[in-house]
Amino acid sequence: MNLEFFIAKRLVTAKEHKISISAPIIKIAIAAIALGVIMMLVAIATGVGLKHKIREKIAAFNGHIQIYNYDNNNSDVSVVPVSLEQEFYPEFKDISGIQHIQGVATKAGIIRTEETFEGIIAKGVGNDFNWEVFKEFLIDGRLPDYTEDLNDEVLISQVLANRLNFKTGDTFISIFFKEDDESKMPNQRKFTITGIYDSGFEELDASYIFIDIRHIRHMNKWADNEVGNFEIFLDNFDDMEIKAKEIYGKTLSDLDTQTIQGKYFRIFEWIGLFDLNIAIIIGIMIIVGGFNMITALLVLILERTQMIGILKALGSSNWSIRKIFLYNASYLIGVGLLLGNVIGLGFIGLQYKFRLLKFPNPKEYYIDYVPVYIDVWMVLALNIGVLFLCLLMLLIPSYVITKISPVKAIKFE
């Protein structure tokens, strides 16, 4: 067995260690490490969780990448159609990492009632549309079914339902403008509300309703194989910019691509600040924990001054003795990490399952509860980083051992 490790182990397990003067200081240092780890885990889990939730909600309405005709660049509604007869549809075989492709179309309109009216964007979807995310958003009724014949089923948001005093089963008239010639009489369509959704993203909820894409094709006089644009969903959000360039290179010259990060750049700039906040919290917690461990190490050195003198008299090198105390400090840091991980991950697990913490103003964060996200590699990286940086900070105070004289140390009381 390594001599330094053996001595450090005896120091840790000795009864005198538990009742010594340094015991309260050591407990405080361990508590500081544990509290720091809890704070860091919670900061990472909530920050990353909120980022993921906001990204998921934006992607649910737009996909990660959109392919559309160049003439639609500055329009939120579909003006010039794109044919479904593309090499990349319904599967993008030339590029990996693509989860799903769907063809959609959008058209501006107005919902009119006897009392009021609301401007909307009708999103036309077909049988290739991925409703999976909207199952989570659905709060009443059911999702529309557009797999059979053309129908008048519509999915509307809770925001619009409240403003227009609608409920599931109600019918309403929508007026749609003709983009090619606004002087012409607008189109009218009657819809029946089959479901009401609430994504928490009021900016989008206040505009979007979901209808059968065949309504938009008829109003725009498009062919049955034409859509407004394609929406592409990726396996990995972080690959979005790379995949967008690859997709652009694989599509026809009259088609352009856009990422949701470019379309909603202000929102993504805002959530990008979460990383800075997390980094600041981690930095502060490591510094606080490190300084507490420095104090504890200096107290341990002071308490074991006579032992240091005896070891030096027996021929031990300064580095060998320093290693004893660094092993000791590693044990204390390890105890703090263990306690911090148990409590921190336990709290995160409870929040994930029961959603105990709620936002006082959900509109500001686009979600009513505090979302959490954590993975094994994230936890391992955090623990290894904390252990390494704390030990690095302890190298300097452990240098005090080199200044201790064996003769004076043995006489020290």
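That block above? That's the structure.
The present account deals with the structure reproduced in this document. (Residues numbered from 1 in each chain as written. Predicted model: local features only at pLDDT ≥ 70, side-chain atom pairs only at ≥ 80, totals over all residues. Heavy atoms only, no water.)

**Remarks on the pattern of salt bridges**
Step number 1: Scanning all chains against the criterion turns up 13 salt bridges.
Step number 2: Across the pair K123 and E231 runs a salt bridge whose closest N-O atoms are separated by 2.5 Å. Pair noted here: K123 is in strand β4 (residues 117–125) and E231 is in strand β11 (residues 229–234), with a separation of 108 residues, a long-range link. A single burial state applies to K123 and to E231, both of which are buried.
Step number 3: A single network of salt bridges, built from pairs that share partners, joins E118, R163, E202 and K363. (Salt bridge = Lys/Arg side-chain N within 4 Å of Asp/Glu carboxyl O. Helix = DSSP H or I, 4+ residues; strand = E, 2+ residues; numbered from the N terminus. Buried < 20%, exposed > 50% of the residue type's maximum accessible area, 1.4 Å probe, protein only.)

**Some details on the packing of helix α3 (residues 23–62) against helix α12 (residues 318–354)**
Step number 1: Close contact between α3 and α12 brings their axes to 7 Å; oriented N to C, the two are set at 40°. α12 is crossed by α3, and the crossing has right-handed handedness.
Step number 2: A class-by-class count of the residues in the contact of α3 with α12 yields 18 nonpolar, 4 polar and no charged. (Axes fitted to C-alpha atoms, helices over the stretch in contact; angles between N-to-C directions. Left-handed = near helix turned anticlockwise from the far one by under 90°. Nonpolar A, V, L, I, M, F, W, Y, C, P; charged D, E, K, R; others polar.)

**Here we look at helix α14 (residues 376–394)**
Step number 1: Taking 1.5 Å of rise per residue, the 19 residues of α14 would be expected to cover 27 Å, and the 27 Å separating its terminal C-alpha atoms lies within 8% of that figure.
Step number 2: Within α14, burial applies to M378, V379, L382, N383, V386, C390 and L394. Buried residues of α14, seen end-on, are gathered within an arc of 130° and therefore sit on one face of the element. Facing away from the buried side of α14 by more than 90 degrees, the exposed set consists of V376, W377, I384 and F388.
Step number 3: Along its buried surface, α14 packs onto α3, α10 (265–303) and α12.
Step number 4: Looking at where α14 begins, the residue whose side-chain oxygen comes 3.2 Å from the main-chain nitrogen of W377 is D375. (Expected span 1.5 Å × (residues − 1). Arc of directions from axis to C-beta. Contact = heavy atoms within 4.5 Å. Polar contact = N/O pair within 3.5 Å; in protein donor to acceptor, adjacent residues only side chain to side chain.)

**Concerning α3**
Step number 1: Counted at 1.5 Å a residue, the expected span for α3 with its 40 residues is 58 Å, and the 58 Å between its end C-alpha atoms agrees.
Step number 2: By the criterion of burial, α3 is predominantly enclosed, with 29 of the 40 residues buried.
Step number 3: Two residues or fewer past α3, G63 is found with a positive phi of approximately 75°.

**Regarding the packing of aromatic side chains**
Step number 1: Within the structure shown, the criterion is met by 27 aromatic pairs.
Step number 2: Ring plane angle 75° and centroid distance 5.4 Å describe the contact between F61 and F134, whose orientation is recorded as edge-to-face. Taken together, the residues F61 in helix α3 and F134 in helix α4 (residues 132–137) connect sequence positions 73 residues apart. F134 matches F61 in its accessibility class, with the two residues each being buried.
Step number 3: Geometrically, the ring pair formed by F201 and Y366 is stacked, given 4.0 Å between the ring centres and 5° between the ring planes. Placement of the pair is F201 in the loop between β8 (187–197) and α6 (202–205) and Y366 in the loop between α13 (362–365) and α14, with a sequence separation of 165 residues.
Step number 4: The rings of F61, F129, W131, F134, F137, Y146, Y197, Y208 and F210 are connected pair by pair, giving a single aromatic cluster.
Step number 5: Between the NZ or CZ atom of R355 and the centre of the ring of Y369, over which it lies, the distance is 4.0 Å. (Phe/Tyr/Trp six-rings, centres within 6.5 Å; stacked < 30°, edge-to-face > 60°. Lys NZ or Arg CZ within 6 Å of the ring centre and 35° of its normal.)

**As for the pairing of strand β12 (residues 255–259)**
Step number 1: For β12, a buried count of 4 out of 5 residues is recorded, marking the element as mostly surrounded by other parts of the structure.
Step number 2: In this structure, strand β1 (residues 65–69) lies alongside β12, joined through 5 bridges in antiparallel fashion. Each residue of the ladder has a partner; that of Q66, found in β12, is Q258. (Pairing = 2+ DSSP bridges.)

**Digging into the pairing of β1**
Within a regular strand, the side chains alternate between the two sheet faces.
Step number 1: Among the 5 residues of β1, 5 are classified as buried, and the element is accordingly described as predominantly covered.
Step number 2: The pairing of β1 with β11 spans 4 bridges and is classified as antiparallel. If you follow I67 over to β11, its bridge partner there is F230.

**With respect to the packing of α3 against α10**
Step number 1: At a closest axis distance of 9 Å, the pairing of α3 and α10 adopts a crossing angle of 170°. Here α10 runs roughly antiparallel to α3, going by the angle between their axes.
Step number 2: In terms of residue class, the contact of α3 with α10 is built from 28 nonpolar, 5 polar and 3 charged. (Parallel < 35°, antiparallel > 145°, perpendicular 65-115°, else oblique.)

**Details of a nonpolar patch on the surface**
Step number 1: Nonpolar side chains collect at one region of the surface, where L273, L276, I280, I284 and V288 lie side by side and expose about 430 Å² of accessible area between them.
Step number 2: For V288, the location among the structural elements is in helix α10. (Patch = residues over 30% accessible without salt bridge, like charges linked within 9 Å, V, L, I, M, F, W, Y side chains within 5 Å. Areas by Shrake-Rupley, 256 points an atom, 1.4 Å probe, with all protein chains shown as cover.)

**Comments concerning unusual backbone geometry**
Step number 1: For the bond from Y89 to P90, the omega torsion is 5°, close enough to zero to count as cis.
Step number 2: With respect to the helices and strands, P90 occurs in the loop between β2 (82–83) and β3 (98–112).
Step number 3: At N165, a position not held by glycine, the phi torsion is positive, near 60°.
Step number 4: Within the secondary structure layout, N165 lies in the loop between α5 (158–164) and β7 (171–176).

**Description of the nonpolar core**
Step number 1: If you look at the biggest cluster of nonpolar residues, it comprises 72 residues, and the most contacted ones within it are W131, F134, I209, F210, F230 and I232.
Step number 2: Of the residues forming this core, the biggest block, 6 residues, is contributed by α3.
Step number 3: Setting aside anything within four residues of it in sequence, one finds F134 in contact with A60, F61, F129, L143, L155, Y197 and F210.
Step number 4: Counting residues in hydrophobic clusters, the runner-up holds 44 residues, among them M40, I301, L311 and V386. (Core = buried A, V, L, I, M, F, W, Y, C linked by side-chain atoms within 4.5 Å.)

**Quick notes on the side chain of K107**
Step number 1: Tracing the chain through its elements places K107 in strand β3.
Step number 2: According to the relative accessible area criterion, K107 is buried, its value standing at 1%.
Step number 3: Within polar-contact distance, the side chain of K107 engages the backbone oxygen of F177 at 3.0 Å.

**Let's talk about the side chain of Q66**
Step number 1: Mapped onto the fold, Q66 is located in strand β1.
Step number 2: Given a relative accessible area of 8%, Q66 falls into the buried group.
Step number 3: Here the side chain of Q66 touches N62 through a polar contact of 3.4 Å, landing on its backbone oxygen.

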